[in-house]
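Observations on the model geometry
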Amino acid sequence: MLRIEFSAMKLINQPSNNLEEVCDEDFETIVKTLQKRISELGARVSPESIRKAKVTRVDYGKNCKVQIKPALLLQELAKADISKRLDSANKTYRNDGHSLHFLTTHKNVVLYDKLADIRKANFSPRRAVGENAQLLDWTSLADEQYLRFEIQLGNSDTIRQALNKAGVNVPELTFENLFQSEICRKVNLYYWGELMQACLIHHLCNENVADLFKQLLNNGYKILKALQLIGLTSVLSEMGMREFRFHAGKTLSPAIYDLLRKIKDITPREDWLMKHYLQIQRIIEENNVIKLIKE
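Attention here is on the structure that accompanies the text. Just so you know, these numbers come straight off a predicted model, no measurement behind them. (Residues numbered from 1 in each chain as written. Predicted model: local features only at pLDDT ≥ 70, side-chain atom pairs only at ≥ 80, totals over all residues. Heavy atoms only, no water.)

1. Digging into the environment of Ile-201
Put simply, the test is: What counts as a helix is a DSSP run of H or I of at least four residues, what counts as a strand is a run of E of at least two, and both are numbered from the N terminus. Any two residues whose heavy atoms approach within 4.5 Å are treated as being in contact.
Tracing the sequence through the fold places Ile-201 in helix α10 (residues 181-206). Placed 62 residues apart in sequence, Ile-201 and Ile-263 show a C-alpha to C-alpha distance of 8.0 Å. In this structure Ile-201 touches Thr-233, Leu-236, Ser-237 and Ile-263, once residues within four positions along its chain are discounted.

As structure tokens, this is what we get:
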């Protein structure tokens, strides 16, 4: 039995860095590079064995170029009760506000300032989220800002659960089956959507109740429906979807599902970060690969 753990980006990017990203076309290059590195360590492994290797852990993520400092986004995300939305046991907000982690036993959702973390790794690797020292042309990056959004799945059952939630059907958890940009895109989109729902409810609950009530009436809602939406939003803000389902039962009525759908259509009036959230969602949806300009 041979266990292999590696960063695909650092494996083939020269100089080594993981700000640049890999795509489907890089798969065979990664297989050949892995075979070469394993051979250098004294083991012989065929390319087919690598392609068919069983995956027991995978990290899907996206480096998102943003227009404001990632720390500002993380501050607001930390205020929302996302832990309950993600069934997360622990939330940590650290590294001077540059990283935010939602942790469970085998699944982590991690967001951090990508460039700040690389800088930190260059002089204090132990304090970085997941970086080693890297060589980047900082001049070419100028004032660019990147938010790293990453889903870390730590065993086979957790991988299966995440794929099912994202609507992905994979017959076997092999390297060649899971190394697909479309799977990465769908998993990232699902979990980003969960974060955004938690943020939406948080912002709605922070609004003046009377103003929110009048906003709903102006948008065409009947008085009873507006009251129901405000009540459900307040309950979800306090206990999260997981606890709500525990008390409400596994099977919700069509009326409750209708209210949950309608909450998604309500736009907070004072949500100044919404355009940045939507920009990140577009980046994840488009899933364009980052390639740095090199001399």
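Now that the structure has been shown, the text picks up again.
2. Overview of the pattern of salt bridges
A side chain of one charge can pair with a side chain of the opposite charge when the charged atoms of the two come close. What counts is decided by this rule: For salt bridges, the criterion is a side-chain nitrogen of Lys or Arg within 4 Å of an Asp or Glu carboxyl oxygen. For every residue, the accessible area obtained with a 1.4 Å probe (protein chains only) is divided by the maximum for its type, and the residue is called buried under 20%, exposed over 50%, and partly exposed between those limits.
Applying the stated criterion across every chain, the model contains 13 salt bridges. The residue Arg-51 makes a salt bridge to Glu-28 at a minimum N-O spacing of 3.0 Å. In this pair, Arg-51 sits in helix α3 (residues 47-51) while Glu-28 sits in helix α2 (residues 27-40), placing the two residues 23 residues apart along the sequence. Judged by its relative accessible area of 18%, Arg-51 falls in the buried class. What makes Glu-28 partly exposed here is its relative accessible area of 33%. Glu-144 serves as the salt-bridge partner of Lys-65, at 3.4 Å between the closest nitrogen and oxygen. With Lys-65 in strand β1 (residues 58-66) and Glu-144 in the loop between α7 (138-141) and β5 (145-153), this pair connects stretches of sequence that are 79 residues apart. Judged by relative accessible area, Lys-65 falls into the partly exposed class, the value being 37%. Connected through shared salt-bridge partners, Lys-225, Asp-258, Arg-261 and Lys-262 make up one network.

3. Regarding the pairing of β5
To keep it simple, the criterion reads: When DSSP finds at least two bridges between two strands, those strands are taken to pair.
Of all nine residues making up β5, eight are buried, and the element is well covered by its neighbours. As paired elements, β1 and β5 share nine bridges and run antiparallel to each other. Bridge assignment links Val-58 to a residue of β5, and that residue is Leu-153. Here strand β4 (residues 107-113) runs beside β5; their pairing, made up of seven bridges, is antiparallel. Following the sheet pairing, Lys-107 is matched in β5 by Leu-153.

4. Some remarks on the packing of helix α4 (residues 70-79) against helix α14 (residues 274-286)
This is how it is decided: To define axes, lines are fitted to C-alpha atoms, for helices over the stretch in contact only, and angles between the resulting N-to-C directions are given on a 0 to 180 degree scale. Should an angle lie under 35 degrees it is considered roughly parallel, over 145 roughly antiparallel, and from 65 to 115 roughly perpendicular; all remaining angles are considered oblique. Note on residue categories: nonpolar means Ala, Val, Leu, Ile, Met, Phe, Trp, Tyr, Cys or Pro, charged means Asp, Glu, Lys or Arg, and polar means any other residue, Gly included.
At a minimum axis distance of 11 Å, the contact between α4 and α14 shows a crossing angle of 100 degrees. Between α4 and α14, the crossing angle belongs to the class labelled roughly perpendicular. For the pair α4 and α14, the contacting residues are Leu-73, Glu-76 and Leu-77 in the first and His-276, Tyr-277 and Ile-280 in the second. Class assignment for the residues of the contact of α4 with α14 results in four nonpolar, one polar and one charged.

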